[in-house]
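Understanding the architecture of this molecule
Okay, here's what each chain looks like letter by letter:
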Amino acid sequence: MQFAPVLHAEWLKIRTLRPLPGALVALFVTGTAFSALGGASSTSEPEFDPLFATQFGVFLGQIAAISFGAMAVSAEFRNGALRLSLAAVPQRGHWFAAKMTAIALPALAVGLLTALASLFAARVTLGPAADGLTTGEQARAVVGCGVYLMLMALFAAGLATLLRSGVTTLSLLIPFILIVSFVIGDAAGTAVEFMPDRAGQVILQQAYDGPLGPWSGLGVTALWAATALLAGAWRLRRRDA
Amino acid sequence: MTSIDVHDLTKEYGTRRAVDHLTFRVPPGRVTGFLGPNGAGKSTTMRLVLGLDRPTSGSATIGGRAYATLPEPLRHVGALLDAQAAHDSRTGRDHLRVLAASNRIPDRRVDEVLAETGLGPAATRRVRTYSLGMRQRLGIAAALLGDPGVVMLDEPSNGLDPEGIVWVRQLLRRLADEGRTVLVSSHLMNETASFADHLVVLGRGRLLADTPMRAFIESRVRPAVRIRTSDPVALKSALAPHGHEAVERKDGHWTVPHARVDDIGRLASAAGVPILELAADEGTLEQAYLDLTAAETEFTASPQEA
């Protein structure tokens, strides 16, 4: 079977299921709004990073991206929907690749848009505090943020395929990101630097002193996402639908 | 034309054997009823044919090919497995558009099957608002989407109103008359009797019968004659010399077991017995099925699960 029609079908599925475009809108709105607010606060703190301040909304934006990825997959695991999908496209690898592409592309596009809007909004509220940022740094943060949000959506989508449940995926990932990494992160040593969210967010920082640089950090997040996708694909190919 | 071929098919889930060395063929041009109690393996067999579950051993092919090797399979095989599979939040039309897109079926065809299944007015409503019968119609619409040569429906009459049941019956007839291969599962005997030409009967995953429906009934249920007369004494004495015995029923009619209406009619007429009503009391599919399963439990009475 050709790939394009299958991709078209998967894209239609996302478009016609209201909560999914809704999650992308939420990603844009909360991401941009919180970047604007983030820019207004805490410029005086010692660990203040003006570049990260322009992408502060990524904290909330990633929750929307994860929900988007998990929900897009979990719609297949209710009431035999997957059987219908696989009866239409029996090549499971093919189908999975199309589904993940249909998740990745809009997540990337909305992620980039959010990052760009965040930058402009935060520059307004930051004022002179952001004057030291180079064009290169700002471009890195915008591209990095878009790619990061896409990777998190894929990470969630892969995990949801592996666990065959969006609810389980979200109840694992969201507390993990909000609590484990964010709250107790600093106490747990360098291992935390390699967690998918922490590693990927290095690209949003002007100054980084951990074991990972901006692009190697994003690479680590990509590895997490790839692992989740491979595990999901493996389960999908192996199991009865 | 395309037939469904199931060959020595076995499927085990853990230690439970859902399908047990099943072999049968569903040829085109007739409606094949797929009968058996719940849990007999009908749905599992259908999933195996569609390549959704992997067989433990054996094979299931469509026109000699495994389902997964069919290019744009909806154009070859249409299946209804579960009417609940459509997402509640999508409209009926969008549900079909998604399926159509993956197999490059034009949207025009979506509107055709919506009209054909009577869902036209509800097409832009969300599936959440559909009744069980409408979901069933949507599932049938999805099966017809690719104008397939093979149609496989799992309990299509579920939840349909009497009008819908008649509609399904006519649809199945038409599909078979158009030369398509039609396999329809059911656990309802009278329903199946109304549309099937041929029967494949399963019990505990094994093939119990694969025969034309009329032959199935005739081989299992001896025919009887139903008769009403104003002179029972004359009737009895006319039949007795020929070895027939009339038995009186509660509502005043008589039954002559193991007899054909042609014989009894002639005998009564020759003896001048006044006949008010004379009819062949043919066996029903239900009687034949119960006879088969009774025989089956006799042979397989083992301390296994019920």
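Fair warning: this is a prediction, and the values are worked out from it, not measured in the lab.

Within chain A, the secondary structure is distributed over 10 helices and 0 strands. Its helices and strands in sequence order give chain A the pattern α-α-α-α-α-α-α-α-α-α, from N to C terminus. For 241 residues, the compact-globule estimate of 2.2 N^0.38 gives 18 Å, and the C-alpha radius of gyration of chain A, at 18 Å, lies within 12% of that figure. With respect to the principal axes defined by its C-alpha atoms, chain A has extents near 60 × 35 × 25 Å. Sorting the 241 residues of chain A into buried and exposed places 53% on the buried side. Total accessible area on chain A is roughly 9900 Å²; 69% of this is exposed by carbon and sulfur atoms. If you average the places of the 15 positive and of the 12 negative side-chain charges in chain A, the two averages end up 22 Å apart.

What follows concerns the interface of chain B and chain A. Across the boundary between the two partners, chain B contributes 31 residues, which contact 31 residues of chain A. Connecting chain B to chain A are 2 salt bridges. Asp-240 of chain A is paired through a salt bridge with Lys-11 of chain B; the nearest N and O atoms lie 2.8 Å apart. Joining chain B to chain A, the criterion identifies 10 residue pairs in polar contact (both at pLDDT 80 or more). If you list the elements that add at least two residues to the side of chain B that touches chain A, you get β1 (4-13) and α2 (92-102) of chain B. At 7 residues, the largest contribution of residues to the side of chain B that touches chain A is made by α2 of chain B.

So, about the side chain of Ser-3 of chain B. Residue and element names in this part refer to chain B. Note that Ser-3 resides in the segment before β1. According to the relative accessible area criterion, Ser-3 is buried, its value standing at 4%. Polar side-chain contacts of Ser-3 include one of 3.3 Å to the side chain of Arg-25. Discounting chain neighbours no more than four positions away, the residues touching Ser-3 are Arg-25, Val-26, Pro-27, Pro-28, Thr-61, Ile-62, Gly-63 and Thr-181.

Moving on: the packing of helix α4 (residues 58-74) of chain A against helix α6 (residues 92-126) of chain A. The angle between the axes and the distance between the axes are what describe a pair of packed helices. Residue and element names in this part refer to chain A. Orientation of α4 relative to α6, taken along the N-to-C sense of each, is 155 degrees, at an axis distance of 10 Å. Taken as axis vectors, α4 and α6 run roughly antiparallel relative to one another. Here the hand of the crossing between α4 and α6 comes out right-handed. Contacts between α4 and α6 involve Phe-68, Gly-69, Ala-72 and Val-73 from the first element and Lys-99, Met-100, Ile-103, Pro-106 and Ala-107 from the second. Partitioning the contact of α4 with α6 into residue classes produces 7 nonpolar, 1 polar and 1 charged.

Bringing α6 of chain A into the picture now. The end-to-end C-alpha distance of α6 of chain A is 49 Å, a good match for the 51 Å that 35 residues give at a rise of 1.5 Å each. Gly-127 of chain A sits one or two residues past α6 of chain A and shows a positive phi near 65 degrees.

Residues and elements named next belong to chain B. The strand order across the open sheet built from 3 strands is β2-β1-β4, with neighbouring strands paired in antiparallel fashion. On the outer flanks of this sheet lie β2 (16-26) and β4 (57-62), each paired with one strand and no other. Direction aside, neighbouring strands of the sheet carry axes that sit 20 degrees apart on average. Relative to β4, β1 runs antiparallel, the two sharing 5 bridges. Along β4, the bridge assignment pairs Thr-10 with Ser-57. Relative to the sheet, helix α1 (residues 42-49) contacts β1, β2 and β4, its axis offset from that of β1 by approximately 115 degrees.

With that settled, the discussion passes to the pairing of strand β7 (residues 181-186) of chain B. All names here are of chain B. For β7, a buried count of 6 out of 6 residues is recorded, marking the element as mostly surrounded by other parts of the structure. Residues Thr-181, Leu-183 and Ser-185 point to one face of β7 and Val-182, Val-184 and Ser-186 to the other, with burial holding for every one of them. Pairing analysis gives 5 bridges linking strand β3 (residues 31-35) to β7, with the strands arranged parallel. Pairing of Phe-34 across the sheet is with Ser-185, part of β7. Tracing the backbone out of strand β6 (residues 150-154), into helix α5 (residues 162-177) and back to the parallel element β7 gives a crossover that is right-handed.

Next up on the list: the sheet that holds strand β12 (residues 254-257) of chain B. All names here are of chain B. Within the open sheet, the 4 strands sit side by side as β11-β12-β10-β13. Their pairing is antiparallel. At either end of the open sheet lies a strand with only one pairing partner, and these are β11 (247-248) and β13 (275-281). Pairing geometry for strand β10 (residues 224-229) and β13, over 6 bridges, is antiparallel. Looking at β13, one finds that Val-225 is bridged to Ala-280. The strands touched by helix α9 (residues 261-270) within the sheet are β10, β12 and β13, with β13 carrying the most contacts at an inclination of about 160 degrees.

Quick notes on the rules
Residues numbered from 1 in each chain as written. Chains lettered and ligands numbered in written order. Predicted model: local features only at pLDDT ≥ 70, side-chain atom pairs only at ≥ 80, totals over all residues. Heavy atoms only, no water. Helix = DSSP H or I, 4+ residues; strand = E, 2+ residues; numbered from the N terminus. Rg over C-alpha atoms; globule rule 2.2 N^0.38 Å. Buried < 20%, exposed > 50% of the residue type's maximum accessible area, 1.4 Å probe, protein only. Areas by Shrake-Rupley, 256 points an atom, 1.4 Å probe, with all protein chains shown as cover. Lys, Arg positive; Asp, Glu negative; His and termini not counted. Charge placed at Lys NZ, Arg CZ, Asp CG, Glu CD. Contact = heavy atoms within 4.5 Å. Salt bridge = Lys/Arg side-chain N within 4 Å of Asp/Glu carboxyl O. Polar contact = N/O pair within 3.5 Å; in protein donor to acceptor, adjacent residues only side chain to side chain. Axes fitted to C-alpha atoms, helices over the stretch in contact; angles between N-to-C directions. Parallel < 35°, antiparallel > 145°, perpendicular 65-115°, else oblique. Left-handed = near helix turned anticlockwise from the far one by under 90°. Nonpolar A, V, L, I, M, F, W, Y, C, P; charged D, E, K, R; others polar. Expected span 1.5 Å × (residues − 1). Pairing = 2+ DSSP bridges. Right-handed = clockwise from strand over helix to strand, strands pointing away.

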